[in-house]
Amino acid sequence: MASATASTLETPSVSVPQTSASASTNFPPIKIGTRRSTLAQIQARLVEKTLKDTYPDRKYAIHAILAQGDRDKVTPLQQLSMGENAKSLWTGELEEMLLKGELDMIVHCLKDMPTQLPPSLSIGCICPREDPRDVLVVSPKLSSICKNLASLPEGSTIGTSSVRRAAQLRRLHPTLKFADVRGNVGTRLAKLDAEDSLFAAIILAAAGLKRLGMEDRITQYLSKDSGGMLYAVGQGALAIEVRENDTVVKEMLAKIGSERTTRACSAERALLRSLEGGCSVPIGVETEWRGGKRGVAAGVEPAKEYGKDGKAIEEERDDEILDSEELVLRTIVVSVDGTESVETEMIRKVTSVADAEAMGRDIAKVLVEKGADKILEKINKEKQWVAKKELGVAST
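Residues numbered from 1 in each chain as written. Predicted model: local features only at pLDDT ≥ 70, side-chain atom pairs only at ≥ 80, totals over all residues. Heavy atoms only, no water.

Let's talk about the overall build of the protein chain
Formally: To qualify as a helix, a DSSP run of H or I must reach at least 4 residues; to qualify as a strand, a run of E must reach at least 2; elements of each kind are numbered from the N terminus. In this scheme, a residue with accessible area under 20% of its type's maximum is buried, one over 50% is exposed, and one in between is partly exposed, where area comes from a 1.4 Å probe on protein chains only. Should any heavy atoms of two residues lie within 4.5 Å, those residues are counted as being in contact.
Tallying secondary structure elements over the protein chain gives 13 helices and 16 strands in all. Counting across all 396 residues of the protein chain, residues that qualify as buried make up 53%. Partitioning the intrachain contacts of the protein chain with sequence separation of at least 6 by distance along the chain shows that 75% fall at a separation of at least 24.

What to know about the pattern of salt bridges
It is possible for side chains of opposite charge to pair when their charged atoms get near one another. We apply this condition: A side-chain nitrogen of Lys or Arg and a carboxyl oxygen of Asp or Glu constitute a salt bridge if their distance falls within 4 Å.
According to the stated counting rule, one finds 25 salt bridges in the structure shown. Residues E286 and R330 are paired through a salt bridge, measuring 2.9 Å at the closest nitrogen-oxygen approach. Of this pair, E286 sits in strand 12 (residues 283-290) while R330 sits in strand 15 (residues 326-334), placing them 44 residues apart in sequence. There is no split in this pair, since E286 and R330 are both buried. Its salt-bridge partner being K378, residue E340 comes within 3.7 Å of it at the nearest N-O pair. Of this pair, E340 sits in the loop between strand 15 and strand 16 (341-348) while K378 sits in helix 13 (residues 372-395), and the two are 38 residues apart along the sequence. Judged by its relative accessible area of 35%, E340 falls in the partly exposed class. Accessibility expressed as a relative area gives 41% for K378, which makes it partly exposed. One salt-bridge network, held together by shared partners, links E286, E288, R290, R330 and E345.

Some points on the sheet that holds strand 9 (residues 201-205)
Applied cut-off: At least two DSSP bridges between two strands are needed for those strands to be called paired. In this analysis, axes come from line fits to C-alpha atoms, helices being fitted only over the stretch in contact, and the angle between any two N-to-C directions falls in the range 0 to 180 degrees.
Taken in spatial order, the five strands of this open sheet run 8-7-9-6-10, and their pairing is mixed. Two strands bound the open sheet, and with one partner strand each, they are strand 8 (177-179) and strand 10 (220-222). For this sheet, the mean inter-axis angle between neighbouring strands, taken without regard to orientation, is 30 degrees. Across the sheet, helix 7 (residues 185-193) touches strand 6 (134-138) and strand 9, and the angle it forms with strand 9 is around 165 degrees.

Re the sheet that holds strand 16
Across the sheet, three strands lie side by side as 12-15-16; this open sheet has antiparallel pairing. With one partner strand each, in any of the chains shown, strand 12 and strand 16 form the two edges of the open sheet. When strand polarity is set aside, the average angle formed by the axes of neighbouring strands in this sheet is 10 degrees. Pairing geometry for strand 12 and strand 15, over eight bridges, is antiparallel. Pairing of V285 across the sheet is with T331, part of strand 15. Sheet strands in contact with helix 10 (residues 259-275) are strand 12 and strand 15, and its direction is about 150 degrees off that of strand 12. Contacts between helix 12 (residues 353-369) and the sheet are confined to strand 15 and strand 16, with strand 16 contributing the most and set at about 145 degrees to the helix.

Considerations on the pairing of strand 9
Burial of strand 9 is extensive: five of the five residues sit out of reach of the surface. What you see with strand 9 is no split at all: A201, I203 and A205 on one side and I202 and L204 on the other are buried throughout. Relative to strand 9, strand 6 runs antiparallel, the two sharing five bridges. Note that in strand 9 the partner of V137 across the bridge is I202. Sheet topology note: the strand 7 (residues 157-159)/strand 9 ladder contains two bridges and is parallel. Looking at strand 9, one finds that G159 is bridged to I202.

Observations concerning the confidence of the model for the protein chain
Rules: The pLDDT value expresses, per residue, how confident the predictor is, ranging between 0 and 100.
Per-residue pLDDT for the protein chain has a mean of 84; in total, 76% of the residues score no lower than 70. Across residues 7-16, confidence stays below pLDDT 50; counting only partners more than four residues off in sequence or on other chains, it has 17 contacts. Counting interchain partners and residues more than four positions distant, the pLDDT-below-50 stretch residues 295-303 has 40 contacts.

Quick look at the packing of helix 10 against helix 12
Our working rule: Two helices that cross are described as forming a left-handed crossing if the nearer one is turned anticlockwise from the farther one by less than a right angle, and a right-handed crossing if clockwise.
Between helix 10 and helix 12, whose axes approach to 7 Å, the crossing angle comes to 35 degrees. Read as a crossing pair, helix 10 and helix 12 show a hand that is right-handed. When helix 10 is examined against helix 12, the residues E259, T262, R263, S266, A267, A270, L271, S274 and L275 are found in contact with a partner set consisting of V353, A356, E357, G360, R361, I363, A364, L367 and V368.

As for helix 6 (residues 163-172)
Our working definition: N or O atoms closer than or at 3.5 Å make up a polar contact, with two conditions inside protein: a donor-capable atom paired with an acceptor-capable one, and, for residues adjacent in sequence, both atoms drawn from side chains.
Most of helix 6 sits inside the fold, with seven of its ten residues counted as buried. Among the residues of helix 6, those classed as buried are V163, R164, R165, A166, A167, Q168 and L169. Capping of helix 6 at its N-terminal end is provided by S162; its side-chain oxygen lies 3.3 Å from the backbone amide nitrogen of R164.

Observations regarding the pairing of strand 11 (residues 238-243)
For strand 11, the tally of buried residues reaches six of six residues, placing the bulk of the element in the interior. Where strand 4 (residues 105-109) and strand 11 come together, four bridges link them in antiparallel fashion. Along strand 11, the bridge assignment pairs V107 with I240.

Observations regarding the side chain of S266
Following the sequence through the fold, S266 ends up in helix 10. Apart from the residues within four sequence positions on either side, S266 is in contact with V353, A356 and E357.

A word on helix 12
Put simply, the rule reads: An expected span of 1.5 Å times one less than the residue number is assigned to each helix. The directions considered for the arc are those from the helix axis to the C-beta atoms.
The end-to-end C-alpha distance of helix 12 is 25 Å, a good match for the 24 Å that 17 residues give at a rise of 1.5 Å each. Regarding helix 12, the residues found buried are A356, M359, G360, I363, A364 and L367. The buried residues of helix 12 occupy an angular sector of 135 degrees when the element is viewed end-on, so they sit on one face. Facing away from the buried surface of helix 12 by more than 90 degrees, the exposed residues are K365 and E369. Directly after helix 12, the chain includes G371, whose backbone phi takes a positive value near 110 degrees.

Written as C-alpha coordinates, this is what we have:
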(Lines give C-alpha, C1' and ligand atoms only; values in the text may rest on other atoms or scores of the structure.)
Protein backbone atom coordinates (compact mmCIF):
# COMPACT_ATOMS: atom_id res chain seq x y z
CA MET A 1 0.00 0.00 0.00
CA ALA A 2 1.55 3.28 -1.07
CA SER A 3 1.84 6.06 1.44
CA ALA A 4 -0.68 8.89 1.24
CA THR A 5 -0.32 12.52 2.22
CA ALA A 6 -2.60 15.48 2.65
CA SER A 7 -1.52 16.71 -0.77
CA THR A 8 -2.19 13.45 -2.61
CA LEU A 9 -5.54 12.58 -1.04
CA GLU A 10 -8.15 15.27 -0.57
CA THR A 11 -9.61 15.11 2.91
CA PRO A 12 -13.32 15.81 3.49
CA SER A 13 -13.85 18.69 5.88
CA VAL A 14 -17.26 17.50 7.05
CA SER A 15 -18.39 14.26 8.61
CA VAL A 16 -21.12 13.40 6.10
CA PRO A 17 -20.49 10.17 4.15
CA GLN A 18 -18.03 10.68 1.30
CA THR A 19 -18.95 8.29 -1.52
CA SER A 20 -16.30 7.43 -4.07
CA ALA A 21 -16.98 7.72 -7.78
CA SER A 22 -16.76 4.02 -8.62
CA ALA A 23 -18.53 2.22 -11.42
CA SER A 24 -22.27 1.88 -10.94
CA THR A 25 -23.20 -1.56 -9.58
CA ASN A 26 -26.06 -3.27 -7.83
CA PHE A 27 -23.97 -3.60 -4.65
CA PRO A 28 -24.57 -1.12 -1.84
CA PRO A 29 -21.58 1.08 -0.94
CA ILE A 30 -19.03 -0.33 1.48
CA LYS A 31 -19.35 1.94 4.52
CA ILE A 32 -15.93 2.79 6.01
CA GLY A 33 -15.84 4.28 9.50
CA THR A 34 -13.08 6.48 10.88
CA ARG A 35 -12.40 9.21 13.40
CA ARG A 36 -12.96 12.80 12.32
CA SER A 37 -9.41 14.16 12.44
CA THR A 38 -7.62 15.09 9.22
CA LEU A 39 -5.06 12.33 9.70
CA ALA A 40 -7.73 9.70 10.40
CA GLN A 41 -9.62 10.64 7.25
CA ILE A 42 -6.44 10.57 5.15
CA GLN A 43 -5.80 7.08 6.48
CA ALA A 44 -9.36 5.99 5.68
CA ARG A 45 -9.05 7.36 2.15
CA LEU A 46 -5.75 5.51 1.76
CA VAL A 47 -7.56 2.25 2.57
CA GLU A 48 -10.44 3.27 0.30
CA LYS A 49 -8.00 3.87 -2.58
CA THR A 50 -6.42 0.44 -2.09
CA LEU A 51 -9.86 -1.18 -2.08
CA LYS A 52 -10.88 0.72 -5.22
CA ASP A 53 -7.71 -0.39 -6.97
CA THR A 54 -8.42 -3.99 -5.97
CA TYR A 55 -12.21 -3.94 -6.41
CA PRO A 56 -12.95 -1.12 -8.90
CA ASP A 57 -16.60 -2.14 -9.40
CA ARG A 58 -17.60 -1.48 -5.80
CA LYS A 59 -18.66 1.84 -4.28
CA TYR A 60 -17.30 3.16 -0.99
CA ALA A 61 -18.50 5.76 1.53
CA ILE A 62 -16.43 7.18 4.39
CA HIS A 63 -18.22 8.05 7.64
CA ALA A 64 -16.18 10.27 9.98
CA ILE A 65 -17.18 10.11 13.66
CA LEU A 66 -16.08 12.21 16.64
CA ALA A 67 -14.62 9.65 19.06
CA GLN A 68 -14.77 9.95 22.84
CA GLY A 69 -11.02 10.58 23.05
CA ASP A 70 -11.27 13.41 20.50
CA ARG A 71 -13.94 15.33 22.43
CA ASP A 72 -11.70 16.07 25.43
CA LYS A 73 -8.51 17.74 24.24
CA VAL A 74 -7.54 19.06 27.68
CA THR A 75 -7.42 16.12 30.10
CA PRO A 76 -4.06 14.26 30.02
CA LEU A 77 -4.35 10.89 28.30
CA GLN A 78 -3.20 9.04 31.41
CA GLN A 79 -6.29 10.31 33.28
CA LEU A 80 -8.62 10.09 30.29
CA SER A 81 -7.84 6.40 29.76
CA MET A 82 -8.55 5.21 33.28
CA GLY A 83 -10.93 2.33 34.00
CA GLU A 84 -13.44 1.30 31.35
CA ASN A 85 -12.62 4.37 29.26
CA ALA A 86 -9.35 2.74 28.24
CA LYS A 87 -11.23 0.07 26.29
CA SER A 88 -13.21 2.40 24.08
CA LEU A 89 -11.50 5.78 24.18
CA TRP A 90 -10.93 5.85 20.41
CA THR A 91 -13.10 2.95 19.21
CA GLY A 92 -16.34 2.74 21.20
CA GLU A 93 -18.75 4.79 19.08
CA LEU A 94 -17.45 3.35 15.83
CA GLU A 95 -17.74 -0.22 17.12
CA GLU A 96 -21.36 0.38 18.12
CA MET A 97 -22.13 1.52 14.57
CA LEU A 98 -20.31 -1.52 13.16
CA LEU A 99 -22.33 -3.88 15.36
CA LYS A 100 -25.58 -2.22 14.26
CA GLY A 101 -24.68 -2.60 10.57
CA GLU A 102 -24.32 1.14 10.08
CA LEU A 103 -20.70 0.54 9.05
CA ASP A 104 -19.05 -2.34 7.20
CA MET A 105 -15.52 -1.72 8.45
CA ILE A 106 -13.52 0.67 10.61
CA VAL A 107 -10.04 1.99 9.84
CA HIS A 108 -8.03 2.22 13.06
CA CYS A 109 -4.52 3.11 14.02
CA LEU A 110 -3.61 -0.29 15.42
CA LYS A 111 -1.90 1.26 18.43
CA ASP A 112 -5.26 2.72 19.53
CA MET A 113 -7.09 -0.61 19.41
CA PRO A 114 -7.64 -2.61 22.62
CA THR A 115 -5.96 -6.01 22.56
CA GLN A 116 -9.34 -7.57 23.46
CA LEU A 117 -12.11 -6.82 20.96
CA PRO A 118 -15.86 -7.38 21.42
CA PRO A 119 -16.72 -11.08 20.79
CA SER A 120 -18.54 -10.46 17.52
CA LEU A 121 -15.85 -8.18 16.04
CA SER A 122 -12.38 -8.98 14.70
CA ILE A 123 -9.47 -7.53 12.77
CA GLY A 124 -10.13 -8.16 9.08
CA CYS A 125 -6.60 -7.27 8.04
CA ILE A 126 -3.56 -5.22 8.97
CA CYS A 127 -2.24 -3.07 6.13
CA PRO A 128 1.45 -2.60 5.25
CA ARG A 129 3.07 -0.61 8.00
CA GLU A 130 4.33 2.94 7.69
CA ASP A 131 7.49 3.88 9.59
CA PRO A 132 6.60 3.00 13.23
CA ARG A 133 9.25 5.10 14.94
CA ASP A 134 8.75 8.13 17.12
CA VAL A 135 10.46 11.33 16.04
CA LEU A 136 11.83 14.45 17.66
CA VAL A 137 10.52 17.74 16.27
CA VAL A 138 12.55 20.70 17.50
CA SER A 139 11.24 24.25 17.86
CA PRO A 140 12.15 26.55 14.95
CA LYS A 141 13.99 28.71 17.49
CA LEU A 142 16.41 25.85 18.22
CA SER A 143 16.39 23.92 14.94
CA SER A 144 19.67 25.44 13.69
CA ILE A 145 21.65 24.25 16.71
CA CYS A 146 19.74 21.20 18.02
CA LYS A 147 19.78 18.17 15.75
CA ASN A 148 18.97 15.45 18.31
CA LEU A 149 17.88 14.84 21.90
CA ALA A 150 21.42 15.00 23.23
CA SER A 151 21.93 18.53 21.88
CA LEU A 152 18.88 20.05 23.59
CA PRO A 153 19.76 22.55 26.35
CA GLU A 154 19.66 21.18 29.89
CA GLY A 155 16.23 21.67 31.44
CA SER A 156 14.44 21.82 28.07
CA THR A 157 10.71 21.07 28.13
CA ILE A 158 9.50 18.30 25.81
CA GLY A 159 5.84 18.19 24.81
CA THR A 160 4.17 14.76 24.81
CA SER A 161 0.90 13.26 26.00
CA SER A 162 2.39 9.76 26.06
CA VAL A 163 3.40 8.18 29.37
CA ARG A 164 5.51 5.69 27.40
CA ARG A 165 7.49 8.39 25.62
CA ALA A 166 8.06 10.52 28.73
CA ALA A 167 9.07 7.53 30.87
CA GLN A 168 11.67 6.31 28.39
CA LEU A 169 13.13 9.77 27.96
CA ARG A 170 13.27 10.38 31.72
CA ARG A 171 15.25 7.16 32.01
CA LEU A 172 18.03 8.23 29.63
CA HIS A 173 17.73 12.03 29.71
CA PRO A 174 16.99 12.97 33.35
CA THR A 175 17.68 16.68 32.85
CA LEU A 176 14.76 17.07 30.43
CA LYS A 177 11.34 18.29 31.60
CA PHE A 178 7.97 17.19 30.23
CA ALA A 179 4.59 18.85 29.71
CA ASP A 180 1.36 17.48 28.31
CA VAL A 181 0.39 18.53 24.79
CA ARG A 182 -2.95 17.41 23.34
CA GLY A 183 -4.66 17.94 20.00
CA ASN A 184 -4.13 16.81 16.44
CA VAL A 185 -0.74 17.00 14.74
CA GLY A 186 -1.33 20.49 13.39
CA THR A 187 -2.40 21.78 16.80
CA ARG A 188 0.66 20.31 18.49
CA LEU A 189 3.00 21.79 15.92
CA ALA A 190 1.32 25.18 16.32
CA LYS A 191 1.89 25.02 20.08
CA LEU A 192 5.55 24.20 19.45
CA ASP A 193 5.99 26.99 16.90
CA ALA A 194 4.24 29.72 18.94
CA GLU A 195 6.47 32.66 19.84
CA ASP A 196 5.77 32.16 23.56
CA SER A 197 5.95 28.35 23.43
CA LEU A 198 7.29 26.62 26.53
CA PHE A 199 8.38 23.64 24.41
CA ALA A 200 11.89 23.14 23.09
CA ALA A 201 10.63 20.14 21.15
CA ILE A 202 7.76 17.66 20.91
CA ILE A 203 7.64 13.93 20.23
CA LEU A 204 5.35 12.67 17.45
CA ALA A 205 4.88 9.50 15.42
CA ALA A 206 6.79 9.40 12.14
CA ALA A 207 3.83 7.69 10.43
CA GLY A 208 1.44 10.57 11.09
CA LEU A 209 3.84 13.23 9.83
CA LYS A 210 4.61 11.22 6.69
CA ARG A 211 0.95 10.59 5.88
CA LEU A 212 0.28 14.30 6.31
CA GLY A 213 3.19 15.19 4.02
CA MET A 214 5.03 16.93 6.88
CA GLU A 215 8.11 14.78 7.28
CA ASP A 216 10.29 17.83 6.65
CA ARG A 217 9.54 18.76 10.28
CA ILE A 218 11.36 15.66 11.57
CA THR A 219 14.60 16.50 13.39
CA GLN A 220 15.57 13.00 14.57
CA TYR A 221 14.19 9.51 14.09
CA LEU A 222 14.12 7.77 17.47
CA SER A 223 14.92 4.11 18.12
CA LYS A 224 16.82 1.97 20.61
CA ASP A 225 20.10 3.06 19.01
CA SER A 226 19.07 6.66 18.38
CA GLY A 227 17.71 8.47 21.41
CA GLY A 228 16.82 5.28 23.29
CA MET A 229 13.12 5.30 22.37
CA LEU A 230 11.06 2.20 21.57
CA TYR A 231 7.68 2.78 19.94
CA ALA A 232 4.13 1.81 20.91
CA VAL A 233 2.64 -1.59 20.13
CA GLY A 234 1.14 -1.47 16.64
CA GLN A 235 2.42 2.04 15.92
CA GLY A 236 2.48 2.94 12.22
CA ALA A 237 0.06 0.17 11.20
CA LEU A 238 -3.55 0.54 10.07
CA ALA A 239 -5.97 -2.21 11.10
CA ILE A 240 -9.42 -2.79 9.62
CA GLU A 241 -12.05 -3.93 12.13
CA VAL A 242 -15.04 -5.91 10.84
CA ARG A 243 -17.94 -8.04 12.03
CA GLU A 244 -16.73 -11.56 12.65
CA ASN A 245 -19.52 -13.09 10.54
CA ASP A 246 -19.14 -10.72 7.56
CA THR A 247 -17.43 -13.18 5.21
CA VAL A 248 -17.79 -10.94 2.14
CA VAL A 249 -15.88 -8.01 3.65
CA LYS A 250 -13.31 -10.32 5.24
CA GLU A 251 -12.60 -11.92 1.87
CA MET A 252 -12.16 -8.48 0.31
CA LEU A 253 -9.71 -7.39 2.97
CA ALA A 254 -7.67 -10.59 2.69
CA LYS A 255 -6.21 -9.22 -0.56
CA ILE A 256 -4.96 -5.89 0.85
CA GLY A 257 -3.34 -6.96 4.11
CA SER A 258 0.38 -7.48 4.78
CA GLU A 259 1.49 -10.81 6.27
CA ARG A 260 4.82 -9.32 7.30
CA THR A 261 3.15 -6.52 9.27
CA THR A 262 0.47 -8.85 10.66
CA ARG A 263 2.98 -11.27 12.13
CA ALA A 264 5.12 -8.58 13.73
CA CYS A 265 2.14 -6.68 15.15
CA SER A 266 0.55 -9.92 16.39
CA ALA A 267 3.68 -10.60 18.43
CA GLU A 268 3.59 -7.06 19.82
CA ARG A 269 -0.10 -7.25 20.72
CA ALA A 270 0.26 -10.67 22.34
CA LEU A 271 3.02 -9.21 24.51
CA LEU A 272 0.82 -6.27 25.50
CA ARG A 273 -2.18 -8.52 26.14
CA SER A 274 -0.12 -10.80 28.37
CA LEU A 275 1.11 -7.86 30.42
CA GLU A 276 -2.40 -6.36 30.51
CA GLY A 277 -1.05 -3.01 29.46
CA GLY A 278 -2.74 -0.29 27.46
CA CYS A 279 -1.86 2.89 25.60
CA SER A 280 -1.33 4.72 28.91
CA VAL A 281 1.27 2.22 30.21
CA PRO A 282 4.99 2.70 29.43
CA ILE A 283 5.63 -0.44 27.38
CA GLY A 284 7.81 0.07 24.30
CA VAL A 285 8.62 -2.32 21.46
CA GLU A 286 10.83 -2.46 18.41
CA THR A 287 10.69 -5.17 15.74
CA GLU A 288 12.67 -6.03 12.65
CA TRP A 289 13.12 -8.96 10.30
CA ARG A 290 16.60 -10.26 9.68
CA GLY A 291 18.50 -13.09 8.03
CA GLY A 292 16.96 -15.49 5.56
CA LYS A 293 17.36 -15.05 1.82
CA ARG A 294 17.64 -11.25 2.04
CA GLY A 295 20.57 -11.18 4.46
CA VAL A 296 20.55 -8.91 7.53
CA ALA A 297 17.79 -6.32 7.48
CA ALA A 298 18.39 -2.61 7.95
CA GLY A 299 15.96 -0.61 10.03
CA VAL A 300 13.47 -1.36 12.78
CA GLU A 301 10.22 -2.06 11.00
CA PRO A 302 8.58 -5.36 10.03
CA ALA A 303 6.46 -4.38 7.03
CA LYS A 304 9.18 -2.36 5.39
CA GLU A 305 12.76 -1.65 6.33
CA TYR A 306 13.76 1.98 6.87
CA GLY A 307 17.18 3.51 6.50
CA LYS A 308 18.51 6.12 8.91
CA ASP A 309 17.21 8.80 6.55
CA GLY A 310 13.66 7.50 7.03
CA LYS A 311 13.41 6.26 3.44
CA ALA A 312 11.62 2.94 2.99
CA ILE A 313 13.50 0.05 1.45
CA GLU A 314 11.19 -1.80 -0.94
CA GLU A 315 9.29 -4.65 0.73
CA GLU A 316 9.71 -8.21 -0.48
CA ARG A 317 6.36 -9.88 -1.20
CA ASP A 318 7.60 -13.48 -1.45
CA ASP A 319 6.18 -15.53 1.45
CA GLU A 320 9.09 -17.97 1.13
CA ILE A 321 11.48 -15.10 1.83
CA LEU A 322 9.43 -14.03 4.85
CA ASP A 323 9.31 -17.58 6.20
CA SER A 324 13.10 -17.83 5.96
CA GLU A 325 13.65 -14.74 8.09
CA GLU A 326 13.71 -14.32 11.86
CA LEU A 327 11.68 -11.78 13.80
CA VAL A 328 13.58 -9.68 16.32
CA LEU A 329 11.40 -8.29 19.11
CA ARG A 330 12.87 -5.81 21.59
CA THR A 331 10.77 -4.53 24.45
CA ILE A 332 11.01 -2.41 27.57
CA VAL A 333 8.78 -1.67 30.56
CA VAL A 334 9.61 1.56 32.40
CA SER A 335 8.28 3.13 35.57
CA VAL A 336 6.55 6.47 35.03
CA ASP A 337 9.42 8.38 36.64
CA GLY A 338 12.00 6.50 34.56
CA THR A 339 13.94 5.19 37.58
CA GLU A 340 13.04 1.51 37.11
CA SER A 341 13.06 -0.49 33.91
CA VAL A 342 13.12 -4.03 32.55
CA GLU A 343 14.09 -4.81 28.98
CA THR A 344 14.79 -7.85 26.88
CA GLU A 345 15.14 -9.06 23.30
CA MET A 346 14.04 -12.24 21.55
CA ILE A 347 14.84 -13.59 18.10
CA ARG A 348 12.71 -16.34 16.61
CA LYS A 349 11.52 -17.68 13.27
CA VAL A 350 7.77 -17.12 12.99
CA THR A 351 5.95 -18.67 10.04
CA SER A 352 2.39 -17.83 11.10
CA VAL A 353 0.34 -15.47 13.24
CA ALA A 354 0.06 -18.24 15.83
CA ASP A 355 3.86 -18.44 16.01
CA ALA A 356 4.05 -14.67 16.40
CA GLU A 357 1.50 -14.62 19.22
CA ALA A 358 3.38 -17.41 21.01
CA MET A 359 6.55 -15.33 20.73
CA GLY A 360 4.79 -12.32 22.25
CA ARG A 361 3.52 -14.37 25.18
CA ASP A 362 6.95 -15.90 25.75
CA ILE A 363 8.76 -12.57 25.82
CA ALA A 364 6.13 -11.28 28.25
CA LYS A 365 7.03 -14.17 30.59
CA VAL A 366 10.69 -13.17 30.42
CA LEU A 367 9.79 -9.58 31.32
CA VAL A 368 7.72 -10.76 34.28
CA GLU A 369 10.59 -12.95 35.48
CA LYS A 370 12.78 -9.85 35.41
CA GLY A 371 10.30 -7.82 37.46
CA ALA A 372 8.09 -6.05 34.90
CA ASP A 373 4.96 -7.16 36.77
CA LYS A 374 6.05 -5.23 39.85
CA ILE A 375 6.58 -2.05 37.81
CA LEU A 376 3.15 -2.39 36.17
CA GLU A 377 1.47 -3.20 39.48
CA LYS A 378 2.88 -0.02 40.99
CA ILE A 379 1.68 2.02 38.01
CA ASN A 380 -1.83 0.55 38.27
CA LYS A 381 -2.00 1.33 41.99
CA GLU A 382 -0.96 4.92 41.32
CA LYS A 383 -3.62 5.23 38.59
CA GLN A 384 -6.29 3.87 40.95
CA TRP A 385 -5.24 6.36 43.62
CA VAL A 386 -5.50 9.25 41.15
CA ALA A 387 -8.91 7.99 39.97
CA LYS A 388 -10.22 7.83 43.56
CA LYS A 389 -8.86 11.31 44.23
CA GLU A 390 -10.58 12.67 41.10
CA LEU A 391 -13.82 10.95 42.13
CA GLY A 392 -13.60 12.54 45.58
CA VAL A 393 -13.10 15.99 44.11
CA ALA A 394 -16.05 15.51 41.74
CA SER A 395 -18.38 14.46 44.56
CA THR A 396 -17.63 17.46 46.81
